[in-house]
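As a plain string of letters, each chain reads:
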Number of protein chains: 2
Amino acid sequence: MKEFTSIGKRIPKLDAVEKATGKVQYIQDVTRPGMLYGKILYSRYPHAKILKIDTSRAEKLSGVRAVLTGDDIPEIKMGVYKDNSPLKKGKVRSYRDEVAAVAATDPETAERAIKRIEVTYEALPGIFDPVEAMKEDAILVHEKHKTNILKMPWKLHYGDVEKAKEQSEFVVDDQFSTTWVTHCCMGTSGALAEFDHHNNLTIYTNTQIPSLAQNDFVDALKTMGLKNRRVRVIKPCIGGGFGSKLDTYAYEYIAILLAFKTRKPVKVLFNREEEFIATSTRQPTITDISQGCDKNGKLLFRDISMILDNGAYTSWGATTPSVMMMPITSLYRVPNVRYSAKCVYTNNTYSQAMRGYGNPQATFAIESSMDTLAEAAGIDPVEFRRINSNQPGDHTTQGFHITSCGLKECIDKIHEQLEWEKPRERGEGIGIASLIHVGGGARVYKSDGCGTIIKTDDYGKVNVFTGATDMGQGADTVIAQIVAEELGLWVDDINVIHSDTNICPWDVGAHASRTTFVAGNSALGAAKKIKESILEIAAGLMKEPAENLVLKGRKIISRENPENVMETDRLLRKAHFRHQGQMLASEYFYDPANENMGRDFKGNMSMTYTFGAHGVRVKVDEETGKVKIVNYVAAHDVGRAINPMLLEGQVYGGVMMGIGYALTEQVIHEKGEIMNPNFRDYKVLTAKDAVDIDAPVIETIDKDGPFGAKGIGEPGCVPTAPAIANAVYNAVGVRIKDLPITPEKVLAAIKEKKSKKD
Amino acid sequence: MKEFTSIGKRIPKLDAVEKATGKVQYIQDVTRPGMLYGKILYSRYPHAKILKIDTSRAEKLSGVRAVLTGDDIPEIKMGVYKDNSPLKKGKVRSYRDEVAAVAATDPETAERAIKRIEVTYEALPGIFDPVEAMKEDAILVHEKHKTNILKMPWKLHYGDVEKAKEQSEFVVDDQFSTTWVTHCCMGTSGALAEFDHHNNLTIYTNTQIPSLAQNDFVDALKTMGLKNRRVRVIKPCIGGGFGSKLDTYAYEYIAILLAFKTRKPVKVLFNREEEFIATSTRQPTITDISQGCDKNGKLLFRDISMILDNGAYTSWGATTPSVMMMPITSLYRVPNVRYSAKCVYTNNTYSQAMRGYGNPQATFAIESSMDTLAEAAGIDPVEFRRINSNQPGDHTTQGFHITSCGLKECIDKIHEQLEWEKPRERGEGIGIASLIHVGGGARVYKSDGCGTIIKTDDYGKVNVFTGATDMGQGADTVIAQIVAEELGLWVDDINVIHSDTNICPWDVGAHASRTTFVAGNSALGAAKKIKESILEIAAGLMKEPAENLVLKGRKIISRENPENVMETDRLLRKAHFRHQGQMLASEYFYDPANENMGRDFKGNMSMTYTFGAHGVRVKVDEETGKVKIVNYVAAHDVGRAINPMLLEGQVYGGVMMGIGYALTEQVIHEKGEIMNPNFRDYKVLTAKDAVDIDAPVIETIDKDGPFGAKGIGEPGCVPTAPAIANAVYNAVGVRIKDLPITPEKVLAAIKEKKSKKD
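Residues numbered from 1 in each chain as written. Chains lettered and ligands numbered in written order. Predicted model: local features only at pLDDT ≥ 70, side-chain atom pairs only at ≥ 80, totals over all residues.

Peer 1: Got a sec to walk through the relation of the copies chain A and chain B? Specific residues and values, please.
Peer 2: Least-squares fitting of chain A to chain B yields an RMSD of 0.1 Å, with the superposition described by an axial translation of 0.0 Å and a rotation of 180°. Overall, the copies show the geometry of a two-fold rotation axis. Comparing interface residues between copies, 100% of those in chain A also lie at the interface in chain B; the contact surface is shared. (Least-squares fit on C-alpha atoms with pLDDT ≥ 70 in both. Contact = placed C-beta atoms within 7 Å.)

Peer 1: Provide a residue-level description of the pairing of strand β13 (residues 285–293) of chain B, including the pertinent values.
Peer 2: Residues and elements named next belong to chain B. The buried fraction of β13 is high, at seven of nine residues. One ladder, built from nine bridges, connects strand β8 (residues 170–178) with β13; its direction is antiparallel. Its bridge partner being in β13, F176 is matched across the sheet by T287. Connecting β13 to the next strand, strand β14 (residues 299–311), in antiparallel fashion are five residues, including G297 with a positive phi near 90°. (Buried ≥ 20, exposed ≤ 12 C-beta atoms within 10 Å, placed from the backbone. Helix = DSSP H or I, 4+ residues; strand = E, 2+ residues; numbered from the N terminus. Pairing = 2+ DSSP bridges.)

Peer 1: Tell me what's going on with the sheet that holds strand β20 (residues 549–552) of chain B, and back it up with residues and numbers.
Peer 2: Residue and element names in this part refer to chain B. Strand order in this open sheet of three strands is β20-β21-β22, and the pairing throughout is antiparallel. Among the strands making up the open sheet, the edge pair consists of β20 and β22 (565–567). Taking each pair of neighbouring strands and ignoring which way they run, the sheet shows an average axis angle of 20°. Sheet topology places β20 next to strand β21 (residues 555–558); four bridges connect them, and they run antiparallel. Opposite L549, over in β21, you have S558 as the bridge partner. Packed on one face of the sheet, helix α14 (residues 515–542) meets β20, β21 and β22 and runs near 120° to β20. (Axes fitted to C-alpha atoms, helices over the stretch in contact; angles between N-to-C directions.)

Peer 1: Could you give me a rundown of the nonpolar core, with the residues and numbers involved?
Peer 2: Among the nonpolar cores identified, the biggest contains 494 residues, and V483, I724 and V728 of chain A together with V483, I724 and V728 of chain B are the most heavily contacted of them. Excluding anything up to four places from it in sequence, V483 of chain A contacts I454, V462, V464, I494, A523 and A527 of chain A. (Core = buried A, V, L, I, M, F, W, Y, C linked by C-beta atoms within 7 Å.)

Peer 1: Outline the sheet that holds strand β6 (residues 118–123) of chain A, listing residues and values.
Peer 2: Residues and elements named next belong to chain A. An order of β4-β2-β6 is seen for the three strands of this open sheet, with the pairing classed as antiparallel. The open sheet is flanked by β4 (91–92) and β6, the only strands paired with a single partner. In this sheet, β4 lies alongside strand β2 (residues 48–54) in antiparallel orientation, the contact comprising two bridges. Paired with A48 across the two strands is V92, which belongs to β4.

Pasting the structure below:
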């Protein structure tokens, strides 16, 4: 086996020390000379007509430089469905609707000015329940759509589910539901927009998609009459993404509009309350599921229909069914699958992408139902999953090509490490749940690509410009390791530049756990070109065929005559300083050969898939209903661990997020109003809640991944809730089907169960 | 003739509006969180032993974070000869010697701390005259060198000068001298140094040589024990370069040393007085010249020996003879040439590069002597120059290959535009002087190269990362024009990124009027690669052979079927969004095929040479000696004017600098002390002194230049002084041989002439 010097090493995140010592610049820290402060006025009603907005008192306030309402701005359309706008006109549809905005010389003045804006509303009845909203005579959120049901074709049927139902020996039917949770980024949102004198725009913004945001802003500028302008998107260091920054938001356009109006840089910065009420959540779901198997436990079908609360506007949340399809069709071997989903407008907050992108909701239903089905069939849950496990070489009904697949090994690992067979105390339970996720990109846009530029210098140092967006996950470090390994340098020698559209090549964004795979392959491709040049030059200088030379430890070494050695920096200088020489540089664009889904939703959307199984041992307090995690094992097939430490960090963080989803987190809505917009009332898990997590890694060395790696950004939080739900059932015999699994629900279920027994 | 859309256009400098409105960031504007302010203590003597430095009172001052003396720092060696150090130890050799430095929380505290440092000196006798300094028993500036004469081999002899002297019909001998002048950059010098936690250095500094400065700082870090660290040099917008920023200086190392000691960013910023006393000047020269011609006026020989006052340390000033050789051997056809130069240490300020790099001093002697020789031979000065003019295809004695050459046309232009034959009033005179300068790079370093990276986007916009350093001369704009022309885009579509060693490829620096030629060719090379890709893709999409397609006006157009058109941005999107597509990018490194000079100083140092002739009409007030410029014509063969407006700006600025050199400017030294370190006493010309300058352009379309262009950065100030001196002679019959031509000198000469007559 090849011995690596950087790959597989536990290298701390490149900016770890700068972060720990407060030197990195968050949007909070970014300032520009003459900068103004923007502030947004939100709706006072979940659904109302705007009759009048009087901004005169705000405008009179000293220090106020601009006040904007929906009437003052061009028709910029936002979101997947283009059903949203930066400032609302005529009607508000949720409490988070942006009604007016102010730019002032200091944040306090902006805040005071906002309070001086007088909006006259005519309140309308609201609709807050997606099931109600689907009814024929329901109040319409968007009148012109005629219905609250989004016209999105989430419907597939592979094989023959009805026939399979008939043939099944065991069938279970159930309904599961999930509620709103939010990303809880430690860094609140913000954007700073600035125009130059040619009306080219620079915007510093918290985004996971610099290139796609650039596209949105180019469009917005066009609507503003600014055609053919250049837009530069710079993402400062961000305190968490988790999908929350995959769209562009009203506050970003408001910063742009205010900057354009005032000709000054304008920064809009969210406080924590705004972060809760004006950023998007994970979408709540109601899932009906039916699964069946033959007498040997072989799954015969899976039949799922789903309702998603879309909220008042449409962002990526409405497209999560495209990812839910993945576990629904392809988690375990399932020959017959049917799925349909409806996204429904309500006057609630609107939803967006969040780590797992629908996968956690779907997997909660699937993996809860799997246990119920296993029990019906009289098969141990672990064994039941082994029977149905995906295998390398499988082609799933949806057309996924399963190349590397370590799901069975992951299940075995859980069985072993969780001590599955160990006798359990009263109130103790164990549970397992598996996952499939895209691990080799996900073609959801026209390009799934990423570009890289590499530039060497006379000192054996390398600058890498990557399209990848580091948002704390460690993209910078993984890319540095890949380039260092390929060029035989140390990670110290590599400087990774990211998150600036002027400098960095295009990339579709930090989503779908795609960065290590796609940006990694892109970086590797660019590094290979440099390596080729180095070897060619070295072959001449060292009088040794290129294929006999290896790059290692900042040197070029002859495999056969190890004393024939040249330092890499020396070679670079020789290449540079020879007659008509050059400093080596390279560019490479990698767009994987994965497929967009067709109209039938078939297509190999990822070059490879990541698998995993989570196991958890819980202790349920039958007096209080409280669920305690005793220990947690999260085994993943990651292809190859480029950096085991960062990988474990992803898993730990994902699992903690999953546990919060399972047990404590919910954005409480009352008639569209968020009742707990703060960290006292919203129960995100904190350091003191950390549980013992083991994260064993299965390395299947994927043939297409960079050094064999697959993506692992999201999986950590995918099967956590069903694993815990299964463990709770295993412990006390009650199955909670509605997240979160609060003590109240557990206690009520225990009581109900007892009362039934009695 | 090809019709251009960007080349040849009068396009304003890209950052002109941002500059005019104060939006650009100079070093004065750059701040970093937690930044400290550095201040330098200079010597109290021109030559003294340092007996003791007591820093205790300074250290006690509240707000002082570090005090450094020569004893506290490692042996960092600076300059061409490595005879200088950031802080002096044991001995000071000039008033500008840096003795101690302070970092404090604010500039005022730093200033106060500096005053509290007590240095005990033992004054030594100084040596201020290079002729005195060359004597055997002279006081030694650097004892270990044993002599004050630098061991630099400036000596050449091509042909046989002695024989040619004998063969000459007319011979003239003369001595000319020049004094110190300085660059008078409107932006004073400064540097801001910062270390990260891995001891990688970022330094913002006023430099014309980001890549070479990086090299110096990498070396300094090594001396400081910081091996294998990354160094990033960022040049903020600078208020003038003119050669002053071609070396690294004590203040930059002091900022680095203070930052390293304090672990904080440290900025050292010069005030105007420091800018005068602690930055380097043009070197004073004493030139003995002998020239001779045959009876037809054909030059037969040129024999020059020169003494340069090097000052106390050695920077690039000592290497200016390498450029002086160019006019000495190759301005006009001269078959026999001899040249020697001695650079001599004194206790004066040390000299450096300044626009023209020795050429103005040499050309002052040559072109003054040319008029004297013409007079001796009885030939009109214009005719005399025509007779001896360089011609395309010439190979000069030094081995220069003259490719394009419009010198004769320039001389004719002067003759015509200055109305050479027009009768003149009393006190009115006309003068002419010519120039040769490198116009196609100048190989003075191991590489004369420049790299470019180009990155396109989905909107038909282009980011160009160039090695070129824009310092106000317009490199950004010229590069944008070249790329826009080649890609058929508008200059608005091009964003040029420069002056950051992390992002921009290597370049040897903004010197030798090389940027338009070398960086231009580099940008053109990178653009050609993009163009090739575009045409190849377009050929497929438009079903037309690539060679039938042209890029113009943001479109790809078929030459034969003009209705077969595709918008460039659309094509880029198609290239990007096709299966496994890519965003086009390219990298290109251009190192010209020019030659380093050999030990005999022969070699074609530039790919091409720029020529010019300046003519001036003066009016001399015989009562006061004051010389008034009536009008000035500066004709240049520039190959091709990429941007006539910027080109004229270079010529206007150069000529004004030349007029200052000729008439008013001098850094007055008294025993090593600069007596006029301010703009009241140093007579730089200002807007109110502006004269009427015509800048006709001769386009010879150089075969190697980008779109035929040659360099024109320096020539404007090269022949100004001799043209004026010749005109003064023509006006009142006195020849001033010592610059500047002050009224006092003119008046004295007129008086002397009269007294001789009487």
